[in-house]
Amino acid sequence: MEKIISPRGTKDILPSESSLWQFIEAKAIETFSLAGFEEIRTPIFEHTQLFSRAVGESSDIVNKEMYTFTDRSDRSITLRPEGTAGVARAFIEHSLDRGSRPQKLWYRGPMFRYERPQTGRYRQFYQIGMEAIGLEAPFIDLEVIKLAYNFLQELGIENLTLAINSIGSAASREAYRQQLLAFLSEYQDDVCDDCKRRMQQNPLRVLDCKVPEDQALYKNAPLIQDSFDEESKQIFMQMKTGLEALGISYTIDSSLVRGLDYYSHCVFEFKTDDKGLGQQSTVLAGGRYDNLISELGGVSSPAVGWALGMERIAYLLEAKKFPETKRVYIISDSAIEASKLAHQLRFDAKVLVEYDFEEAKVAKQMNKALKRNASHGIFYLEDERKSGSYLVKDFQAKAEFNLTSYTELLSFFAGDSV
RNA sequence: GCAGCCGUCGCCAAGUGGUUAAGGCCCCGGGUUGUGGUUCCGGUAUUCGCGGGUUCAAAUCCCGUCGGUUGCCCCA
């Protein structure tokens, strides 16, 4: 029979890895809750229309990367390729603009894009993201970036650089687009095929081209900052001075424009220089999207947010060591008695307890205990039960303790460290 | 979507046209009568990702397909 394997671009997170994922999520819950951000869970699939309108018809995501299908009632359904659109839809649907502003939300979960899988890039991948919706105060951008920064620090990820840029207000960006296109029209026939396509689809991307000959041509291209209106200039300035005041170092990357249509003003990315992730150096990215909510039919609600790729984070954390916890294995000639003791200890001492289901020989149970990475063994055989005692073995210290009551046993396992 | 490389047991692999496809790790069973990952004995691929073709003969050559990987595009 043919073996069934997971579909292309998907992967299982096995127990050897899941503790790391739990660690990441626990840190997210902690960091974001302390800042008053609350979790929102939206559906994994939405009406296709939501994404084509929110993410933008011209984006690659909508053009060639969506997992779209027709359901049994002929509705066009799409597996969400990113988190912001669903959050925005929920914000409008439940009139969250009537709540306190800004609404401070975060989310986690799988996203889907039909792409060629590569290291650090999957068809089903997991993101953690946050959105602050309802106010345009630039201090919110700073708060959101600072939280990203703190979160990454809490996780213990180092060597990330923050790149920021401003793409200005929608009006100033449109003005720039015209200027840029006028400039590019001179070179229309000289540039690479990719750039020809970019001119049609997303002219700002042209400046990011990797072909050296093209780069030489673009040297004299107009700068987006030069087309900024007063408001755009001021917002970007506040951004920069704010980051400096918060002690967050950054670089300005004028080629940073982001792939999604809904962004405006501040955009940013945290990147790693770890080569192991291949071309996927961006670990967290986001920006401001002041018009998305109104474009989707909601009350005008400026917003800012970001998302990070959990696989990429997990990759960077793989080598990290986690603090050891106590792990107890009961060695007994009676699975029933061992089970009773295990359940009691789990609830009374909040310690991880396992035991043997096979009533194997003592030497064998010792081996199993070690194989389970136990830190302690409790000998609990007929002799011990008769005398009401527990022989505790510390596997690391290679020491034995004869405890003569359950109370003594409990106090032995009190506390967190091994 | 395009181009290159790769695919032998759960893992690491030897084998590159010719009798029964090495080896190591892990795993499983057994021996050492209530104490340590040791040791000893034994077991585990009718088959080389899958399908087809060439040949007297294929894991080895050819075609296709699936999957992985690297680069491009793009992106978290």
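The paragraphs below set out a description of the structure included in this document. Remember, it's a predicted structure, so these values are computed and weren't measured experimentally.

1. Topic: the overall build of chain A
- From N to C terminus, chain A includes 15 helices and 16 strands.
- On C-alpha atoms alone, chain A measures out to a radius of gyration of 28 Å, which is more than a quarter above the 22 Å that the 2.2 N^0.38 rule sets for 418 residues.
- In terms of principal-axis extent, the alpha carbons of chain A reach across some 95 × 60 × 45 Å.
- Relative to its 418 residues, chain A shows a buried fraction of 49%.
- Partitioning the contacts of chain A with sequence separation of at least 6, the portion at a separation of at least 24 is 69%.
- Accessible surface for chain A amounts to roughly 21,900 Å². Of this, 50% is attributable to carbon and sulfur atoms.
- Positive and negative side-chain charges in chain A, numbering 51 and 61 respectively, have mean positions lying 4 Å apart.

2. Observations regarding the sheet that holds strand E6 (residues 124–133)
- Strand order in the open sheet made by the eight strands is E1-E5-E6-E11-E10-E9-E7-E8, with mixed pairing throughout. Edge positions in the sheet fall to strand E1 (38–39) and strand E8 (251–252), since each has one partner strand and no second.
- Here strand E9 (residues 264–272) pairs with strand E10 (residues 282–288) via six bridges, running antiparallel. By the bridge assignment for E10, Phe-270 is matched with Leu-284.
- Against the sheet, helix H9 (residues 230–245) contacts strand E7 (160–166), E8 and E9, and its axis sits at roughly 160° relative to E7.

The rules we used
Residues numbered from 1 in each chain as written. Chains lettered and ligands numbered in written order. Predicted model: local features only at pLDDT ≥ 70, side-chain atom pairs only at ≥ 80, totals over all residues. Heavy atoms only, no water. Helix = DSSP H or I, 4+ residues; strand = E, 2+ residues; numbered from the N terminus. Rg over C-alpha atoms; globule rule 2.2 N^0.38 Å. Buried < 20%, exposed > 50% of the residue type's maximum accessible area, 1.4 Å probe, protein only. Contact = heavy atoms within 4.5 Å. Areas by Shrake-Rupley, 256 points an atom, 1.4 Å probe, with all protein chains shown as cover. Lys, Arg positive; Asp, Glu negative; His and termini not counted. Charge placed at Lys NZ, Arg CZ, Asp CG, Glu CD. Pairing = 2+ DSSP bridges. Axes fitted to C-alpha atoms, helices over the stretch in contact; angles between N-to-C directions.

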